[in-house]
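Survey of secondary and tertiary structure
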Amino acid sequence: MNARTSALDAVVFGVDIQSGDVRGDAPSYALVVFDGESVDRDVVSRRKLRRLIDDREPAIVATDNMYELAADKDALIHFLGELPDETKLVQVTGAERPEPLSRVAGRHNVPYGKDPMKEAEAAARLAAMNVGQEVSAFTNTTRVKVARGRSTGKGGWSEDRYTRRIHGAVKKRSREVESELDDAGLDYERDVTEKYGGFSNAIFEVEGRPVDIPVSAHRSGDVRVEIERERRDGIEFQPLVKRRDHVIVGIDPGTTTAAAVVDVHGEVLDVFSTRTADTADVIEWIIERGRPIVVAADVEPMPETVEKIRRSFEAAAWVPASDLPVDEKKHRTREEGYDDDHQRDALAAALSAFDAHEDQFERVAEKVPPQFDLGEVLARVVAGEESVEAVIDDLERDPDEDEETTEHTARELTAEEKKIKRLEARVDRLEDHNEDLKDTIARKDDRIEEYEQELSEARREERREARERREITRLERENERLERELDEERERVDELENKLERLKALWKLDHSNFADVSEKQADLVPVKVVEEFTKDALEHADEAYGLAEGDVIYLRDGSGAGRSTAQRLADVNPRVVLRDGGQLSEAADDLLFEHEVPVGPADDVGIQEVDELAVARESEVETVIDDWEDRAEEREKQNNEQMVDRLISEHRADRPES
């Protein structure tokens, strides 16, 4: 193990195909289970491998080729989606262009053999050392959807109540989910679809993985909760440890020290200036942003502080032939952002150093194969003064190759001697700087402890304030809801009081149906209201309060009915039909006349209504019936006369001409 070794408390699975093909018959896998100390080996089927992953939930499933676990991209995404939340899939040989496993293992001093079980063990040990790229198909955003658990469908007469109950349940569960996310301190965005009685669905886009969310997927009665991670556009690779690229650094020392970092393509990465930080702080700031190839100053000779920083990184030095003029520094940094003159000078030094090495960088880049790190080659060529060919030859060397030739050995020994000398010089420089770093670390540890105490107190205060804000918001919403309910109840009370007054004005009776009215007050007769002269309206009235023989029926709209509708009304055999809203059709009028059903205008009767109830005076109803009987007698006479005239005409038509 080297300095990058990570002591994992969790388990790492190393996997390699033992036999078969993932695209053909079910393959078998060489499986190595590594926990940092012990190693367990086994040959398992794909089904058993999946079961072991689900049961043990390893921190990492490591392989040298991710497509040994899936036949194609879609299958790989499906595999990633079924992994436990805390399990990562890691390709230890790199990202889109993986290296041979033997080369990666040799670079990190990990035992390697071409047997599948040894390759699986090498993959497990490399992943435990944080070597490799995590394979990812999902973001850290999770979609939580609260929706209806069943369709509203057709509920008959209870459809409105049924729909309102379901939407109300969705709304209630949505608020519970929102409260749980707030309590967990998670950031989210909510999108709801309001429907009759509540919500039809509510979607929460939560910044976090499913394991971080205190809500589980379930389906219960009227509500279902679905949890789904947001998919990326494709497969992405993320290094297990953050990579520090090679950079060019410009330093402007003095009472105010400034530093600027530029990448090997001339892009400005960061600048800063400080009056309080010492050299150790500046070095730490640079370390966090990259590995310097060149350290530059804007004056000649290089100041001692800049030289000290350069030696710490064993980087190449760059200084101008003479101090850079102010106008030249302004011109070179005109398209970059900086806060003060010190940052400008540091930035000008870094960019000028890049300008001086740009041609060299391009020549090296043309010779470096794509599988190698350009920054590493540049560092050894520029700072180590090695040739490009020698660096590439060293990087390409496979640990399994035989290196026993005399000439090759002699050349490598000379390079090793040079490297040893450089390392010894670097040790001397670092020892000079070591005491300063120890003091700095001690001060920073004290400062970190103070900051942690302040942060802990601030977090407690923030959580308390957040709880108070949530409680205030909840109480405000509850108060608004209660005020709305109070207003609705007051309106309902007013409506019922007005209705009660109208009922008292109509009659002072204690009744449960229309029959009581006739028995308790002789001058009033109940009237049964039908909204329009259709079969559906007649059926609705019959279901609501029944239509029976001898009833007084009031048609609000008597127009439009045909013979079949009129027959339905005639079958009831009402006492009288009071119509409104236009004349009866000729067919309906003839049929009712044939069945001797009296029909009269509603305007001749003073009908008084309260909701579904209606009454009229008996005397006025009798008057309408008498008028109909008079009209019916006259109509009968006219019909008889017409029939006699028709018979005479027919008889004359049948007589032979004389």
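Residues numbered from 1 in each chain as written. Predicted model: local features only at pLDDT ≥ 70, side-chain atom pairs only at ≥ 80, totals over all residues. Heavy atoms only, no water.

1. Considerations on the pattern of salt bridges
Inspection of every chain in the model, using the stated rule, returns 41 salt bridges. Among the salt bridges present, the one from K329 reaches D345, with a minimum N-O distance of 3.1 Å. Of this pair, K329 sits in helix α8 (residues 326-332) while D345 sits in helix α9 (residues 341-367), and the two are 16 residues apart along the sequence. Comparing K329 with D345 shows no difference in burial state: the two are buried. Measuring nitrogen to oxygen at the nearest pair gives 3.2 Å for the salt bridge that ties R380 to E386. A single network of salt bridges, built from pairs that share partners, joins D298, K329, D341, R344 and D345. (Salt bridge = Lys/Arg side-chain N within 4 Å of Asp/Glu carboxyl O. Helix = DSSP H or I, 4+ residues; strand = E, 2+ residues; numbered from the N terminus. Buried < 20%, exposed > 50% of the residue type's maximum accessible area, 1.4 Å probe, protein only.)

2. Description of the sheet that holds strand β13 (residues 268-274)
Read from one edge of the open sheet, 5 strands run β13-β12-β11-β14-β15, paired in mixed fashion. If you trace the sheet from one side to the other, it starts and ends with β13 and β15 (316-318), each paired once. Ignoring strand direction, the axes of neighbouring strands in this sheet form an average angle of 25°. Summarising the sheet, strand β11 (residues 246-252) and strand β12 (residues 257-263) pair through 6 bridges and their orientation is antiparallel. In the sheet register, D252 faces β12, and the bridge partner there is A258. (Pairing = 2+ DSSP bridges. Axes fitted to C-alpha atoms, helices over the stretch in contact; angles between N-to-C directions.)

3. Details of the pairing of β12
Burial of β12 is extensive: 7 of the 7 residues sit out of reach of the surface. The antiparallel pairing of β11 with β12 creates a hairpin that spans 4 residues between the two strands, and G254 there sits at a positive phi of about 140°. Here 6 bridges tie β12 to β13, and the two strands are oriented antiparallel to one another. Across the sheet, residue T257 finds its bridge partner in β13, namely T274. From the end of β12 to the start of β13, which pair antiparallel, there are 4 residues, and G266 there has a positive phi angle of about 90°.

4. As for the packing of helix α15 (residues 563-572) against helix α16 (residues 586-594)
Where α15 meets α16, the axes come as close as 8 Å, and the angle between the chain directions of the two elements is 30°. Here α16 runs roughly parallel to α15, going by the angle between their axes. Seen from above, α15 lies across α16 with right-handed handedness. Only A587, A588, L591, L592 and E594 of α16 make contact with α15, whose side of the interface consists of R563, A566, Q567, L569 and A570. Residues of the contact of α15 with α16, tallied by class, amount to 7 nonpolar, 1 polar and 2 charged. (Parallel < 35°, antiparallel > 145°, perpendicular 65-115°, else oblique. Left-handed = near helix turned anticlockwise from the far one by under 90°. Contact = heavy atoms within 4.5 Å. Nonpolar A, V, L, I, M, F, W, Y, C, P; charged D, E, K, R; others polar.)

5. What about the nonpolar core?
Nonpolar side chains in soluble globular proteins tend to be buried together. Formed by 27 residues in total, the largest nonpolar core has its most connected members in L80 and L89. Here the element with the most residues in this core is helix α2 (residues 73-82); it accounts for 4 residues. Discounting chain neighbours no more than four positions away, the residues touching L80 are L89, V135, S136, A137, F138 and I235. One finds A30, V39, A124 and L126 within the second-largest nonpolar core, a separate group that totals 25 residues. (Core = buried A, V, L, I, M, F, W, Y, C linked by side-chain atoms within 4.5 Å.)

6. What about a negative patch on the surface?
A cluster of acidic residues, E476, E480, E483, D487, E488, E489, E491, D494, E495, E497 and E501, forms a negative patch at the surface. Secondary-structure assignment places D494 in helix α12 (residues 406-506). With relative accessibility at 43%, the residue D494 sits in the partly exposed group. (Patch = residues over 30% accessible without salt bridge, like charges linked within 9 Å, V, L, I, M, F, W, Y side chains within 5 Å. Areas by Shrake-Rupley, 256 points an atom, 1.4 Å probe, with all protein chains shown as cover. Lys, Arg positive; Asp, Glu negative; His and termini not counted. Charge placed at Lys NZ, Arg CZ, Asp CG, Glu CD.)

7. What about the confidence of the model for the protein?
Residues with a pLDDT of 70 or more make up 86% of the protein, whose mean pLDDT is 82. No element of the protein has a lower mean pLDDT than helix α13 (residues 515-520), at 46, and none a higher one than strand β4 (residues 60-63), at 94. In the predicted structure, residues 398-413 sits below a pLDDT of 50 and forms 14 contacts with residues beyond four places in sequence or in another chain. Residue range residues 507-520 is modelled with pLDDT below 50. Its contacts to residues more than four positions away, or to other chains, number 21 contacts. (pLDDT = per-residue confidence, 0-100.)

8. Concerning the packing of aromatic side chains
Under the defined criterion, the tally for this structure stands at 4 aromatic pairs. Cation over ring: R635 sits above F593, and NZ or CZ is 4.2 Å from the ring centre. (Phe/Tyr/Trp six-rings, centres within 6.5 Å; stacked < 30°, edge-to-face > 60°. Lys NZ or Arg CZ within 6 Å of the ring centre and 35° of its normal.)

9. Notes on unusual backbone geometry
Look at the link from E300 to P301: it is a cis peptide, with omega at 5°. Position of P301 among the secondary structure elements: in the loop between β14 (291-296) and α7 (304-313). Positive phi values are uncommon outside glycine, yet E57 reaches one of about 45°. Checked against the element boundaries, E57 lands in the loop between α1 (46-56) and β4. Since its relative accessible area comes to 46%, E57 is described here as partly exposed. We note that E314 has phi near 55°; this positive angle belongs to a residue other than glycine. Relative to the assigned elements, E314 resides in the loop between α7 and β15. What makes E314 partly exposed here is its relative accessible area of 22%.

10. Considering the environment of R150
Turning to its location among the elements, R150 is positioned in the loop between β6 (133-148) and α5 (159-183). Along the backbone, R150 and G221 are 71 residues apart, and their C-alpha atoms lie at a distance of 7.4 Å.

11. Considering the environment of S45
Structurally, S45 can be placed in strand β3 (residues 39-45). It is 7.4 Å that separates the C-alpha atoms of S45 and A26, two residues lying 19 residues apart in sequence. Engagement of the side chain of S45 in a polar contact is seen with the backbone nitrogen of K48, the distance being 3.2 Å. (Polar contact = N/O pair within 3.5 Å; in protein donor to acceptor, adjacent residues only side chain to side chain.)

12. Considering the pairing of β4
Side chains I60 and A62 project from β4 onto one buried face, and the interleaved V61 and T63 project onto a second face that is buried too. Pairing of strand β1 (residues 12-19) with β4 involves 3 bridges; the strand directions are parallel. Pairing of G14 across the sheet is with A62, part of β4. Sheet topology places β4 next to strand β5 (residues 88-91); 4 bridges connect them, and they run parallel. Pairing of A62 across the sheet is with V90, part of β5. This β-α-β element, β4 to α2 to β5, shows right-handed connectivity. (Right-handed = clockwise from strand over helix to strand, strands pointing away.)

13. Examining the side chain of E134
The residue E134 is located in strand β6 in this model. Sequence-distant contacts of E134, defined by excluding residues within four places in its chain, comprise K88, L89, V90, E236, F237, Q238 and L240.

14. Focus on the side chain of T63
Mapped onto the elements of the fold, T63 is located in strand β4. A polar contact is formed between the side chain of T63 and the backbone oxygen of N65, at a distance of 3.2 Å. Beyond its immediate chain neighbours, meaning those up to four positions away, T63 contacts V15, E68, L69, L89, V90, Q91, V92 and A123.

15. Things to note about the packing of α9 against helix α10 (residues 374-382)
Axis separation between α9 and α10 bottoms out at 10 Å; the angle between their running directions is 120°. Compared by their axis directions, α9 and α10 come out oblique. As for the relative orientation of α9 and α10, their crossing is right-handed in sense. Of the residues in α10, those touching α9 at H357, Q360, F361, V364 and A365 are L374, V377, L378, V381 and V382. Taken together, the residues of the contact of α9 with α10 sort by class into 8 nonpolar, 2 polar and no charged.

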